[in-house]
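Working through the structure, step by step
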Amino acid sequence: MAEIAPSILAADFANLQRDIEMLNASEADYIHVDIMDGMFVPNISFGIPVCEAIHKHARKPLDVHLMIEQPDRYLEAFSKAGAWGLTVHYEACPHLHSTVQHIRQLGVQPGVAINPHTPVEALSEILPDLSLVLVMSVNPGFGGQKFIENTYKKVATLKALKEKFGYNFKIEVDGGVNLDNAASLIQNGADILVAGSFVFGSANPTATIADLKNK
Ligand code: DX5
Ligand code: ZN
């Protein structure tokens, strides 16, 4: 069994409060909030005021995924906007150690995300400082993409490192997650599954969250 973080990116933005209340009443453990800047990734999603508005209604922790360049500029603002966790991209942070310490100083759980081409081993020196490691199972920027199978191997490698050194971070998988791959991801060591289009595109999102949760 894993924790589930439905991605609000796939919600109906004209009915955000309704969709957040659905998540509040569901078995979701977090609300995954995807921030895209049109630079680090080709797409633009939404920013700080919308994150604040989500926080106003959410009764689940906000797992904020920053797909932005130079995220240091906005850590404090997203912390004030209600983030429980702030995940930055390895590929966007030349001073990752300093960025991670900054997030922790703000009283927020620090996470680092890696793109499909980035090896898990690139994080070896920062793993002890992290609460979350987010393994991208699609190229970031859009919901509704196809799951990349190589992700299983990366999750298993992370899990082995976690056990070998006794680290505490949670392993999160993001992109193309559905009922076909959830069980294998959990077997390989995933602790948190992010799911956007699979949840919000289903006939009964509440039941779909429960199905993922019970895998
Ligand atoms: C992709 C985002 C994901 C996305 C997942 O760039 O980081 O969180 O919302 O959406 P699905 O589950 O549709 O792949
Ligand atoms: Zn995400």
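Residues numbered from 1 in each chain as written. Chains lettered and ligands numbered in written order. Predicted model: local features only at pLDDT ≥ 70, side-chain atom pairs only at ≥ 80, totals over all residues. Heavy atoms only, no water.

1. Quick look at the coordination of the zinc ion (ligand 2)
The coordination sphere of the zinc ion (ligand 2) contains the protein donors His32 (NE2), Asp34 (OD), His65 (ND1) and Asp174 (OD), at a distance range of 2.1 to 2.3 Å. Around the zinc ion (ligand 2), the 6 donor atoms sit at angles spanning 70 to 172°, and that spread fits a shape best called octahedral. Sequence positions of the residues that donate to the zinc ion (ligand 2) give the spacing H-x1-D-x30-H-x108-D. On the criterion of sequence distance, the pair formed by Asp34 in strand β2 (residues 31–36) and Asp174 in strand β7 (residues 170–174) is long-range, its members being 140 residues apart. Of the two residues, Asp34 and Asp174, both sit in the buried class. (Donors = N, O, S within 2.8 Å, 3.2 Å for Na, K, Ca; no water. Tetrahedral: all angles 85-135°; square planar, octahedral: opposite > 155°, others 65-115°. Helix = DSSP H or I, 4+ residues; strand = E, 2+ residues; numbered from the N terminus. Buried < 20%, exposed > 50% of the residue type's maximum accessible area, 1.4 Å probe, protein only.)

2. A few points about the pairing of strand β6 (residues 132–136)
The buried count for β6 comes to 5 of 5 residues, which makes it a mostly enclosed element. Of the two faces of β6, the one lined by Leu132, Leu134 and Met136 and the one lined by Val133 and Val135 are each fully buried. With 4 bridges joining them, strand β5 (residues 109–114) and β6 adopt parallel strand pairing. Paired with Ala113 across the two strands is Leu134, which belongs to β6. As for the winding sense of the linkage, the β-α-β connection from β6 through helix α5 (residues 151–165) to β7 is right-handed. (Pairing = 2+ DSSP bridges. Right-handed = clockwise from strand over helix to strand, strands pointing away.)

3. Some remarks on the UniProt feature "binding site: a divalent metal cation" (unreviewed entry) in the protein chain
Cross-referencing UniProt, the feature "binding site: a divalent metal cation" (unreviewed entry) maps to His32, Asp34, His65 and Asp174 in the present numbering. With the annotated positions falling across 143 residues, the maximum pairwise C-alpha distance of 10.5 Å places them together in a single cluster. With respect to the helices, strands and loops of the structure, His32 is situated in strand β2. Under the relative-accessibility criterion, His32 is labelled buried at 0%. The residues contacting His32, other than those within four sequence positions of it, are Ala5, Pro6, Ser7, Ile8, Asp63, His65, Leu134, Glu172, Asp174 and Val194. Structurally, His65 can be placed in strand β3 (residues 62–67). (UniProt positions renumbered as here; feature names shortened; annotations may be inferred. Contact = heavy atoms within 4.5 Å.)

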